Amino acid sequence: MKITGTQLFWILFTVEVVMAVWLRISPAIEVSRQDAWISMLVAGMIGAAITFLVVCLSLQHPGQSLAVFSRKLLGKWVGGLLVLPYLASWYILAGDVLRTFADFVHLILLDRTPLWVIMFLMAAMMTVMTGAIGMNGIARFCEIAGPLTLITLILSFLLNIGNVNLSNLFPVIADTGWKNILKAAYPPASFFGESFLLLVIVSMVQRSDKALLRSMTSIITIVGIVLVSTIMVLFVFGPNVSAKMRFPYFTLVRSINILDFIQNVDIFVLFIWVFGVCAKISFYLFLTSFEMANCLGLKNWRKVVWFSAPLIVAIAVAIPNETAIEMLQKLWRLIVIPLCGIAIPMLLLLATAISKRREARRL
Amino acid sequence: MKRIIKLGIVLFFVITCTTGCWNLTEPDELAFITAAGMDAAPDGRIEISSQIAVPSAIDVQQNQSSIGKSFLVVSAMGKNVMDAGRTMQGKLSRSLFYEHRQAIIFGQSMAQRGVGDMLDMFVRNPKSEIRSTVAVVKDGTAKDLLNIKPKFDPFSGLAILRVQSSVGSTPYFYRHFLSDALNEGMTPLVPAFHIVGKNEFACVGAAMLDNTADLKLKGFLNAEQSFLAYWMIGRQSTISVTSVVDRDGGLATIRLGSLKSRIRVILTDSGKPAIEVRLSGGGSVIENNSNLDPSKGPDRRIIEQKLSDSTRQKVEQLIDQVQHQYKTDVFGFGDHIHRRYPQRWKTLKRDWDQSFSKLPVSVQVTLHVKDPGQSNSAMKRFI
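The shown structure was predicted, so the numbers you read here are calculated from the model rather than taken from an experiment.

J.: Just give me the short version of the environment of F155 of chain B, but keep the residues and values in it.
T.: Residues and elements named next belong to chain B. With respect to the helices and strands, the residue F155 is situated in the loop between α6 (142-147) and α7 (156-166). Note on F155: relative accessible area 8%, which makes it buried. Linking F155 and G257, residues 102 residues apart in sequence, is a C-alpha distance of 29 Å.

Rendered as structure tokens:
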């Protein structure tokens, strides 16, 4: 089950951009107004740092995913325990994504369709994708969905050029101050930090020397795209209006109006977005099943899919409303990122360094 | 065999769901709204009128009177927009479809009451879109404007949009209006239309809706004033300027394209801000009834000078009137101060309307005659 470096790039890109561009823009604008792009830059740097940390750690243990090397370093029980927060956060994130997707489609497109039908359809897709086809299939799918998403995003920005008002970005910093900008940077950073999923995937890359380069270019591309979309939203709507919108990117696409003819193109973007969501959810299903199998020492991770998939759907259904999603995001940025993105990788890096020194001493 | 059965089940399920069974609506079950009108009704309610397109009657070339109107107007009253919408739906056999709406029109009574409460629905309702253009009716109701059958277009919602382009302004879309309304440094300037006679409308300038007071109507600018104001805020693409250019009172008209406006904030000696407005444009002379010959250098410079002077006087008068009579910042001077001197703006923005009326403004207008037109001296002059 090997993936190429390019597939790694597109997997990370598809998985992160889909959520970041859709949902993470207006929280930043609400706090830092027209300086939200600076917050995104800061967030990007934090995200890149987490990516770097995580990939370096993974490369110290080539061919071994998180559960495997953590158990090797710290013993079966402690190592296994360290993987639990990761599993919990991935399950919760997958349920959150499924629920947000279904909510959005229900709100905008299919408002008479019951919510569970939308969720069930997507869940069926992801089960087939992961269970029947596996990581190779997901990787190849991301290699298609990724460039498609990128092209659609760039096209939507270009088509909006006629609507921009350059003065919307000024005055820079004076209104909000550095404290607010940094405060607003943290939620997007916690979503760029989703790249700790690389702890599992880098082990599957065929040529591990490419892994670091590809991961870093991927996170840089992601941050670039989110930055441009934040800037475009600010240019077209200004900070006052976009802070109040729930889905500013979507409204941006809806306001494309070329020659009074090209209008209402939001349906194409939605169509492409569904590919991205499908890739993301299948990937998380794979991730959770695979890691859980490694954690419990099981050989066949596909059997675990039968457990993971219903759990993800159950989490998605159990979320009562938008405030619960807000709470999950708070959980993500206050506990998950410091723990799973920073603390545990540092701990494992330390353990790796100690064990390498012990081996060198033995020799 | 097993695989085919499994695949068959999955495909079957996918097909039943993707035909959109719950959300299936045929086009003939939809009423396409092309314009929405809002008027104030007695006892604090509002009256919503919707102009609905009748597709079968559009674009038919022959005898239009025998076919009938290509649209119909339905009205209903309610506590807010969606409440009235619910009542309106009860009068129609097709469900209302908002996503092709071209215009949102406020009647004068509604504008006087304040349209702040009307803003939310257009953004929040997922079925709505914010691509419409916004307009205000002067001395009339939106319902009457919607009922007019325009001369060229199938319905007045579209005509309003097109009239704005044909007089040289950029159409004022709802998202600009929202952005201006939420901006503390300026007051939105909405195009105003007037109903003439029984079945005609005309663009008569612009309405100032005060965003510090729930977007109540503050006053109107007439057509020429509104074009000059749009020029200052960058919403006008062409404009025609006429003035006296020689001693005998001969007139010349220039049609300006490439209009530019530069508003600069400078600090006076006492540390207070002052505004410098620099307008420029170039174009060709399209009518000349004076003694001057625009194709000759010195004469051309005199024409440019006179036209620039008269435009400058008109702009100064406009700014003066807006500053002292209406006391509301439609030119976005506050916005410019905000961008250039954000610290100072923090203290100024509290009573901006008062500070705005005391703001010293200097105006400079530079017009270029790029082209004298197809003839040289005026036709009436003997060679």
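J.: Now, about the packing of helix α5 (residues 76-108) of chain A against helix α14 (residues 322-362) of chain A: what can you tell me, with residues and values included?
T.: Residues and elements named next belong to chain A. At a minimum axis separation of 10 Å, α5 and α14 run at an interaxial angle of 150°. Viewed along their axes, α5 and α14 form a crossing whose handedness is left-handed. Seen from α5, the contacting residues are L82, P85, Y86, S89, I92, L93, D96, R99, T100 and D103; seen from α14, they are I325, L328, L331, W332, V336, L339, C340, I344, P345, L347 and L348. Of the residues assigned to the contact of α5 with α14, the class counts are 16 nonpolar, two polar and three charged.

J.: Could you give an account of the domain arrangement of chain B, with specific residues and numbers?
T.: All names here are of chain B. Structurally, chain B comprises domain 1 (23-221) and domain 2 (224-383). Centre-to-centre, using C-alpha coordinates, domain 1 lies 32 Å away from domain 2. Listed per partner, the contact involves 23 residues of domain 1 and 25 residues of domain 2. Between domain 1 and domain 2 the total buried area reaches about 1,900 Å² when both faces are included, carbon and sulfur atoms providing 53% of it. Of the charged contacts, one joins K349 and E184 as a salt bridge, the two residues approaching to 3.5 Å between their closest N and O atoms. Where domain 1 packs against domain 2, one counts 13 residue pairs in polar contact (both at pLDDT 80 or more). Sorting the residues of the side of domain 1 that touches domain 2 by element identifies β7 (189-196), β8 (200-210) and β9 (216-221) as the ones contributing at least two each. Residues that form the side of domain 1 that touches domain 2 fall into these classes: 10 nonpolar, nine polar and four charged.

What counts, and at which threshold
Residues numbered from 1 in each chain as written. Chains lettered and ligands numbered in written order. Predicted model: local features only at pLDDT ≥ 70, side-chain atom pairs only at ≥ 80, totals over all residues. Heavy atoms only, no water. Helix = DSSP H or I, 4+ residues; strand = E, 2+ residues; numbered from the N terminus. Buried < 20%, exposed > 50% of the residue type's maximum accessible area, 1.4 Å probe, protein only. Axes fitted to C-alpha atoms, helices over the stretch in contact; angles between N-to-C directions. Left-handed = near helix turned anticlockwise from the far one by under 90°. Contact = heavy atoms within 4.5 Å. Nonpolar A, V, L, I, M, F, W, Y, C, P; charged D, E, K, R; others polar. Domains from an automatic or database assignment. Buried area = accessible area lost by both parts, 1.4 Å probe. Salt bridge = Lys/Arg side-chain N within 4 Å of Asp/Glu carboxyl O. Polar contact = N/O pair within 3.5 Å; in protein donor to acceptor, adjacent residues only side chain to side chain.

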